[in-house]
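Breakdown of the fold
Take a look at the letters that make up each chain.
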Amino acid sequence: MKAHRPLSLGYFLALLCSQPAWAQFPRECTTTEALRNGVCCPDLLPISGPGTDLCGASSGRGRCEAVTADSRPHSRQYPHDGRDDREGWPTRFFNRTCRCNGNFSGHNCGTCRPGWRGAACDERVLTVRRNLLDLSAEERNYFVQALDMAKRTTHPQFVIATRRSEEILGPDGNTPQFENISIYNYFVWIHYYSVKKTFLGAGQESFGEVDFSHEGPAFLTWHRYHLLQLERDMQVCRKHFNVQILYRHCALFVNRYSDPTGRYDPAVRSLHNLAHLFLNGTGGQTHLSPNDPIFILLHTFTDAVFDEWLRRYNADISTFPLENAPIGHNRQYNMVPFWPPITNTEMFVTAPDNLGYTYEVQWSSRNFSISEIITIAVVAALLLVAVIFVGASCLIRARNKLDEANQPLLGDQYEHYTEEYETLKNSNQSMV
Ligand SMILES: [Cu+2]
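Note that the coordinates shown come from a computational prediction; the quantities given were computed from them, not determined experimentally. (Residues numbered from 1 in each chain as written. Predicted model: local features only at pLDDT ≥ 70, side-chain atom pairs only at ≥ 80, totals over all residues. Heavy atoms only, no water.)

Of the regular secondary structure elements, the chain holds 11 helices and 12 strands. Out of the 432 residues belonging to the chain, those deemed buried represent 45%. Long-range pairs, those at least 24 residues apart, make up 71% of the contacts in the chain with a sequence separation of at least 6. For the chain, the accessible area works out to roughly 22900 Å², and carbon and sulfur atoms hold 54% of it. (Helix = DSSP H or I, 4+ residues; strand = E, 2+ residues; numbered from the N terminus. Buried < 20%, exposed > 50% of the residue type's maximum accessible area, 1.4 Å probe, protein only. Contact = heavy atoms within 4.5 Å. Areas by Shrake-Rupley, 256 points an atom, 1.4 Å probe, with all protein chains shown as cover.)

Okay, here's the thing in structure tokens:
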């Protein structure tokens, strides 16, 4: 597949190599005071002065609350509890954040949940994600321009921290260590942050067997939100709801996802990994792969298949492990490092009804399982027997009726009036 490469892919690699960076938060929350207090509840419209409209509370949009972080056990894959800022995300940095009411959303409850818009977030909106190959040259160009703009525009809300939580206030304890970042680089950054190694201390080798977004059940929910966030940022960037991310149809993925039982096939993830490797360059390296925009096409189609799976099998969240998954992959874990905190559960929902987007994909009808085929065959056989029985009964009854109908009205076995008349005449009686 021919990839559009309008962005400077080397830039972000250089940024990663030049300085260690560790997290990302709303710009308003990167003050010494907010970091010391562990509170990230920005004002929305503080007409009466700072601190008078935390999380849009004055208009009922939200409130400042303690963060709920998953504390259930994870699998033994991660033996370094207490060493990584991503544990119990995001409580190493903040333990109070905005919790928004109804359809309100965002770091200060100033925006709407996906699928809603308007001043009161009460107007439904549905974004249709289309196949790249179905677009006209003009439409493709519009998409590339939107990506290019995202690459060059400083993110309006988020900044990245350039030190771990222990050193976040700088050498003097009063200089928060944050940097601006562009919208697209932010998209790349949060992917990197979710897969980076655990720093075990100066002079020690970092632990690299953790992955908060791959190699576990959160793979689909994490990448779903990752894409959703980029799409919304691009819509804000272009001030247009018609910006939507695209997908590239891949029949091989569909075939592997078509397990009639609806069970997750681990081979599918391998296919995803192979696709990344095939892309080569930054697209083939897990920690840098979003730097190549082809990442969007690959993962958006994966998400389309995920959404179809959710819909087709009416998937239940009970299939998602509540505990003992790899770290970051428990059902109620706040996906690292998204902000505001959002759990895997919240992305395990059908997109058109709950997240405000859908896919312009024609799916083939699903194959039947062996047990379904046997059930259908037995029911069909029973129906056939019933039809034959009823048909035969009707045929016999019809035939009997036909025989009766063909009986002569006057047969030899019936008495004849003339015989009766003769009898009466002989006995001299009148006939009534
Ligand atoms: Cu990934």
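It is worth spelling out the UniProt feature "transmembrane region" (unreviewed entry) in the chain at this point. UniProt's entry tags residues 373–396 with the feature "transmembrane region" (unreviewed entry), counted in the numbering of this structure. Across residues 373–396, the secondary structure splits into 100% helix and 0% strand, with the terminal C-alpha atoms separated by 34 Å. (UniProt positions renumbered as here; feature names shortened; annotations may be inferred.)

Looking now at the confidence of the model for the chain. Per-residue pLDDT for the chain averages 82, and the proportion of residues at 70 or more is 76%. Within the model, the stretch residues 1–22 combines pLDDT values under 50 with 52 contacts to residues more than four positions away or in other chains. Here residues 254–262 is modelled with pLDDT under 50, and outside its nearest four sequence neighbours on either side it reaches 21 contacts, counting other chains as well. (pLDDT = per-residue confidence, 0-100.)

All right, on to the pattern of salt bridges then. Where side chains of opposite charge bring their charged atoms close, a pairing between them can arise. All chains considered together, the criterion is met by 18 salt bridges. Here Arg92 and Asp85 are joined by a salt bridge, their closest N and O atoms 3.9 Å apart. Note on Asp85: relative accessible area 5%, which makes it buried. Close ionic contact of Arg129 with Glu231 constitutes a salt bridge, the shortest N to O distance being 2.8 Å. One end of the pair, Arg129, is in strand β9 (residues 127–129); the other, Glu231, is in helix α5 (residues 218–237), and 102 residues separate them in sequence. We note that Arg129, like Glu231, is buried. When salt bridges that share partners are traced, they join Arg129, Arg224, Glu231, Asp303 and Asp307 into one network. (Salt bridge = Lys/Arg side-chain N within 4 Å of Asp/Glu carboxyl O.)

Glancing now at helix α3 (residues 137–152). With 16 residues, α3 extends 23 Å between its outermost C-alpha atoms, agreeing within 8% with the 22 Å of an ideal straight helix rising 1.5 Å per residue. Among the residues making up α3, those that are buried are Phe143, Val144, Ala146, Leu147, Ala150 and Lys151. Angularly, the buried residues of α3 cover 155 degrees about the axis, an arc narrow enough to put them on a single face. Facing away from the buried side of α3, by more than 90 degrees, are the exposed residues Ala137, Glu138 and Arg152. (Expected span 1.5 Å × (residues − 1). Arc of directions from axis to C-beta.)

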